[in-house]
Each structure stands twice: as C-alpha cells, then as structure tokens.
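# A look at the structure
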Amino acid sequence: DGGITQSPKYLFRKEGQNVTLSCEQNLNHDAMYWYRQDPGQGLRLIYYSQIVNDFQKGDIAEGYSVSREKKESFPLTVTSAQKNPTAFYLCASSNPSGGPYEQYFGPGTRLTVT
Amino acid sequence: GQSLEQPSEVTAVEGAIVQINCTYQTSGFYGLSWYQQHDGGAPTFLSYNALDGLEETGRFSSFLSRSDSYGYLLLQELQMKDSASYFCARGSARQLTFGSGTQLTVLP
C-alpha cells in the first residue's frame, strides 16, 4: 500500500535538545511538505521541497532545518533555537502534475518538549 | 492563517445540510482546496476548485467565486461521522496556506 509514514507517533524531549522527525513516502511524489499544528489552529508551513536536494522555507522556518537527499525521505530537525517546539507535526506529499492542491498527509508526530 | 477567514464552529443535526464559508486574499491565488481532519488524525483531501462554479463529489460539494474571493464547502445528508474540522486552503504556485479551520459538530 502506498502512503506516508511518520515516526514516532509521540516524542518527548528535554529543552535544549535537537530532535529529528522522520517522514517517508512511497507514492513516488516529488513534492514534500512539513507543517506544524497547534491546538485548535490550522496548519502552518515550515518547509517544503519540490525536488531532491532542494527545499524552501515556509512561513515559520525559524528554529527548524530539513534535508532532502532522497525522493522518499524528508526529515525535519527541530533545533534548540525553536522557542516553542511542542506541537503536532504533519508531513505531506503531492504529485507535481496536480500542483500542491491535493496533498497526502502522514499520521503526524506529537512532540512534547519540557 | 490571516489570509483566509472561516467560521470557527458550526453545529447541525444528522441528515441536515451545512455550508462552511471561506474568504481569502487574492494575492498569488491559484485555487481553493478543502480538507477534513478528525480529532487527532491527519487531514484528508476533499476537493479543489480552480475555476468558478460548483464541484460535486458525493455528499460533499465545493464552490468558488473568484470575483468575490469566496468559496464554500457544502455537506449534505449529514452523518455523525462528518463531525470533524474542515479547513479551506488557498493554493499558490507551490504551496497551500490553510485557514484556522471550522469545527463541525453533528448532533443526533
């Protein structure tokens, strides 16, 4: 079955530590995205990548970093510079022929930093 | 997102019809997407409108008026399982910008 996997589902870290969230897709999509969702709010774009070895900042990239070394993988690192990292993180992908409008989402990772 | 406005909550009864409105800023606008998200789950794509008019997919329909910078999602024959958050998302060339979401509660 094709889809997007994110691991782990829940992640706990101490303040001051960097943490990397995994996102893998086997949909053969070129474009991948990272979003952050806070309780009762919409999704805010952190980073996106349209092709391997290329990525662009979204609306809230400060304190985050990404890499895109393989088409299937788009890991997100939450650095210690991110002032309020506790949130629900969602990874998505889309087929460029359809634009960014129809995105497929992974199950998400809930990160708690204390 | 400040570039889209949608109501925060809507309540309706099972079997009814509900309309969720969305207004958006036009800068760099390509089209309007709609997503559904159940509590604790991942968003799932419902529809996309690039042109004016109504798109129908089963019980759900989506409408766009570019001249009014306005769209809506219409849900018919509401079922309990439709209780969820619904997000409109403004599409540009490379990305989506999501609204803050409308929490739909379907009552028996």
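Look up a bit, the structure's there.
Treat the numbers as computed from the prediction; the structure is a model and nothing was measured.

### Quick notes on the environment of aspartate 59 of chain A
All names here are of chain A. Along the chain, aspartate 59 turns up in the loop between β6 (54-57) and β7 (64-66). Note on aspartate 59: relative accessible area 55%, which makes it exposed. Measuring from C-alpha to C-alpha, the distance between aspartate 59 and leucine 111 comes to 19 Å, with 52 residues separating the pair along the chain.

### Re the sheet that holds strand β1 (residues 4-7) of chain A
All names here are of chain A. Spatial strand order, β1-β3-β8-β7: 4 strands in an open sheet with antiparallel pairing. Lying at the two open borders of the sheet, with one neighbouring strand each, are β1 and β7. Ignoring strand direction, the axes of neighbouring strands in this sheet form an average angle of 20°. Relative to strand β8 (residues 76-78), β7 is paired through 3 bridges, and the arrangement is antiparallel. Following the sheet pairing, tyrosine 64 is matched in β8 by valine 78.

### What to know about the interface of chain B and chain A
Chain B puts 20 residues into the contact, and the matching count from chain A is 22 residues. Summed over both sides, the interface between chain B and chain A buries roughly 1700 Å², with carbon and sulfur atoms accounting for 55% of that surface. For chain B, the biggest contributors to the area lost against chain A are Arg94, Gln95 and Phe98 of chain B; these three give 34% of the whole. Listing elements by their share of the side of chain B that touches chain A, those giving two or more residues are β4 (31-37), β5 (44-49), β9 (84-91) and β10 (96-98) of chain B. Considering every element that reaches the side of chain B that touches chain A, the biggest residue donor is β4 of chain B, with 3 residues. Of the residues belonging to the side of chain B that touches chain A, the class tally is 10 nonpolar, 9 polar and 1 charged.

### Details of the pairing of strand β11 (residues 102-107) of chain B
Residues and elements named next belong to chain B. Of the two faces of β11, the one holding Thr102, Leu104 and Val106 is buried and the one holding Gln103, Thr105 and Leu107 is not buried anywhere. In terms of strand pairing, strand β2 (residues 9-13) meets β11 through 5 bridges, oriented parallel. Bridge pairing links valine 10 to leucine 104 in β11. Judged from the 3 bridges that link them, β9 and β11 form a sheet pairing that is antiparallel. Each residue of the ladder has a partner; that of tyrosine 86, found in β11, is threonine 102.

### With respect to the sheet that holds strand β8 (residues 70-75) of chain B
All names here are of chain B. Ordered by their spatial adjacency, 5 strands build an open sheet running β1-β3-β8-β7-β6, and the pairing between neighbours is antiparallel. Across the chains shown, the open sheet's two edge strands, defined by having one partner strand only, are β1 (4-5) and β6 (53-57). Bridge count for β6 against strand β7 (residues 60-65) is 5 bridges, and the pairing is antiparallel. Counterpart to glycine 53 in the pairing with β7 is leucine 64.

### With respect to the packing of aromatic side chains
All told, the structure shown has 17 aromatic pairs over all chains when counted by the stated rule. With 6.3 Å between their ring centres and 25° between their planes, tyrosine 33 of chain A and tyrosine 35 of chain A make a pair best called stacked. By relative accessible area, which is 1% here, tyrosine 33 of chain A ends up buried. For tyrosine 35 of chain A, a relative accessible area of 0% gives the class buried. Between the aromatic rings of phenylalanine 63 of chain B and tyrosine 72 of chain B, the centroid separation amounts to 4.9 Å while the plane-to-plane angle is 20°, which identifies the pairing as stacked. Phenylalanine 63 of chain B gets classed as partly exposed once you look at its relative accessible area, which sits at 23%. Through a chain of ring-to-ring contacts, the aromatic side chains of Tyr33, Tyr35, Tyr48 and Phe105 of chain A together with Tyr35, Phe45, Phe87 and Phe98 of chain B assemble into a single cluster. When the ring centre of phenylalanine 74 of chain A is taken as reference, the NZ or CZ atom of arginine 68 of chain A above it lies at 5.9 Å.

The rules behind the values
Residues numbered from 1 in each chain as written. Chains lettered and ligands numbered in written order. Predicted model: local features only at pLDDT ≥ 70, side-chain atom pairs only at ≥ 80, totals over all residues. Heavy atoms only, no water. Helix = DSSP H or I, 4+ residues; strand = E, 2+ residues; numbered from the N terminus. Buried < 20%, exposed > 50% of the residue type's maximum accessible area, 1.4 Å probe, protein only. Pairing = 2+ DSSP bridges. Axes fitted to C-alpha atoms, helices over the stretch in contact; angles between N-to-C directions. Contact = heavy atoms within 4.5 Å. Buried area = accessible area lost by both parts, 1.4 Å probe. Nonpolar A, V, L, I, M, F, W, Y, C, P; charged D, E, K, R; others polar. Phe/Tyr/Trp six-rings, centres within 6.5 Å; stacked < 30°, edge-to-face > 60°. Lys NZ or Arg CZ within 6 Å of the ring centre and 35° of its normal.

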